[in-house]
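Reading the structure
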Amino acid sequence: MKIQWKEDIELTFEDFRSPSTQVSNTLSSYSIQSGVMLEMGYQMTGYELMFKKNFNQAFKATFNSNAAIITAPNMEMAQSMVDYAQVEFDLAELYTRKIRKELFLNKKTFSNISIFQSYFTMHHQKMLSEMSQLLNESDFGRKKEVLESKHLEIQSELEKLSDFCFDCTPVKKKKNKKKRDS
């Protein structure tokens with residue numbers, strides 16, 4: 001089951017529905033596959049593309065509960081991983097909003113449809129790098145202060161990009177025209 005990111009969604013251990021998910025004191029290692037993804041989906045003619053500016057609904061952050069896996073030696077560790085996955089989910093939404101903003105600001109009337117892929121690829125790579133760094137720095141979410149600090153930073157950035165939420169319509173800024181003195 002896929003869950004699209006929404007502000008009020010909070011992941012729980014029960015959301016990790018893969019048959020591989022397990023918590024057992026017999027485990028000597030631990031791991032997480034968060035199931036968080038960026039998705040790109042659009043369908044339009046070249047003519048429609050020419051005049052479209054709002055691509056907020058063409059991109060979304062999702063959590064796939066059937067692909068989400070946690071293996072941990074105890075529930076305390078498992079909960080740390082759930083907390084980490086929540087931050088990762090919010091980070092995916094942040095990068096989704098960054099893609100939407102880039103397209104809104106940079107797509108021109110005669111832009112090619114490949115503009116979608118270029119921004120998606122660029123931001124997806126940055127997101128994966130940031131997720132990997134966070135996983136290491138937070139030690140799978142066990143370093144609560146690191147995780148909480150990053151989560152606050154992400155939430156602040158999400159707020160700054162609020163015009164680029166899935167259901168939002170960004171406001172087109174009018175260009176200032178300079179008056180010429182004759």
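In this text, all values refer to a predicted model and were calculated from it rather than measured experimentally. (Residues numbered from 1 in each chain as written. Predicted model: local features only at pLDDT ≥ 70, side-chain atom pairs only at ≥ 80, totals over all residues. Heavy atoms only, no water.)

1. Let's talk about the overall build of the protein chain
A count of helices and strands for the protein chain gives four helices and six strands. Ordered by position in the sequence, the α and β elements of the protein chain form the string β-β-β-β-α-β-β-α-α-α. In the protein chain, which comprises 182 residues, the proportion classed as buried is 42%. At a minimum sequence separation of 6, the contacts of the protein chain that also span at least 24 residues come to 82%. As presented, the protein chain carries roughly 11,100 Å² of accessible surface, and 49% of it is formed by carbon and sulfur atoms. (Helix = DSSP H or I, 4+ residues; strand = E, 2+ residues; numbered from the N terminus. Buried < 20%, exposed > 50% of the residue type's maximum accessible area, 1.4 Å probe, protein only. Contact = heavy atoms within 4.5 Å. Areas by Shrake-Rupley, 256 points an atom, 1.4 Å probe, with all protein chains shown as cover.)

2. Comments concerning the packing of helix α2 (residues 75–106) against helix α3 (residues 114–137)
Helices that pack against each other are described as a pair by the angle of their axes relative to one another and the distance between those axes. Interaxial distance between α2 and α3 falls to 9 Å at its minimum, and their mutual angle equals 155°. In terms of their interaxial angle, α2 and α3 are classed as roughly antiparallel. The element α2 and its partner α3 pack so that their crossing is right-handed. Between α2 and α3, the residues in contact are Tyr 84, Val 87, Glu 88, Leu 91, Ala 92, Tyr 95, Lys 98, Ile 99, Glu 102, Leu 103 and Asn 106 and Ile 115, Phe 116, Tyr 119, Phe 120, Met 122, His 123, Lys 126, Met 127, Glu 130, Met 131, Leu 134 and Leu 135, respectively. Class assignment of the residues belonging to the contact of α2 with α3 gives a composition of 16 nonpolar, two polar and five charged. (Axes fitted to C-alpha atoms, helices over the stretch in contact; angles between N-to-C directions. Parallel < 35°, antiparallel > 145°, perpendicular 65-115°, else oblique. Left-handed = near helix turned anticlockwise from the far one by under 90°. Nonpolar A, V, L, I, M, F, W, Y, C, P; charged D, E, K, R; others polar.)

3. Some thoughts on a negative patch on the surface
Among the surface-exposed residues, Glu 7, Asp 8, Glu 10 and Glu 159 lie close enough to one another that they form a single negatively charged patch. Among the structural elements, Glu 7 can be located in the loop between β1 (2–4) and β2 (22–23). What makes Glu 7 exposed here is its relative accessible area of 72%. (Patch = residues over 30% accessible without salt bridge, like charges linked within 9 Å, V, L, I, M, F, W, Y side chains within 5 Å. Salt bridge = Lys/Arg side-chain N within 4 Å of Asp/Glu carboxyl O. Lys, Arg positive; Asp, Glu negative; His and termini not counted. Charge placed at Lys NZ, Arg CZ, Asp CG, Glu CD.)

4. Some remarks on the side chain of Ser 34
For Ser 34, the location among the structural elements is in the loop between β3 (31–33) and β4 (36–40). Judged by its relative accessible area of 6%, Ser 34 is buried. Looking at Ser 34, its side chain comes within polar contact range of the main-chain nitrogen of Val 36, at 3.2 Å. Contact partners of Ser 34, with chain neighbours within four places excluded, come to Phe 16, Phe 63, Ala 68, Ala 85 and Glu 88. (Polar contact = N/O pair within 3.5 Å; in protein donor to acceptor, adjacent residues only side chain to side chain.)

5. Considering the pairing of strand β5 (residues 59–64)
Each regular strand shows side chains that alternate between the opposite faces of the sheet. With five of six residues buried, β5 lies mostly within the body of the structure. Two elements, β1 and β5, share three bridges in a ladder whose sense is antiparallel. By the bridge assignment, Lys 2 is partnered in β5 with Asn 64. Across five bridges, β4 lies against β5 in antiparallel orientation. If you follow Val 36 over to β5, its bridge partner there is Phe 63. (Pairing = 2+ DSSP bridges.)

6. What to know about the sheet that holds strand β6 (residues 69–72)
Spatial ordering of the open sheet is given by β2-β6-β3, a layout of three strands whose pairing is mixed. Single-partner strands in this sheet number two, and they are β2 and β3. In this structure, β2 lies alongside β6, joined through two bridges in parallel fashion. Each bridged residue has a counterpart across the sheet, and for Val 23 the counterpart in β6 is Ala 72.

7. Structural notes on the nonpolar core
By size, the foremost hydrophobic cluster in this structure holds 44 residues, and its most contacted members are Phe 16, Ile 32, Phe 59, Phe 63, Ile 70 and Leu 103. Only β4, β5, β6, α2, α3 and α4 (144–160) provide two or more residues apiece to this core. With 15 residues, α2 is the largest single contributor of residues to this core. Those residues within four positions of Phe 63 in sequence are excluded, and the remaining contacts are Met 1, Lys 2, Ile 3, Leu 11, Asp 15, Phe 16, Ser 34, Gly 35, Val 36, Ala 68 and Phe 89. (Core = buried A, V, L, I, M, F, W, Y, C linked by side-chain atoms within 4.5 Å.)

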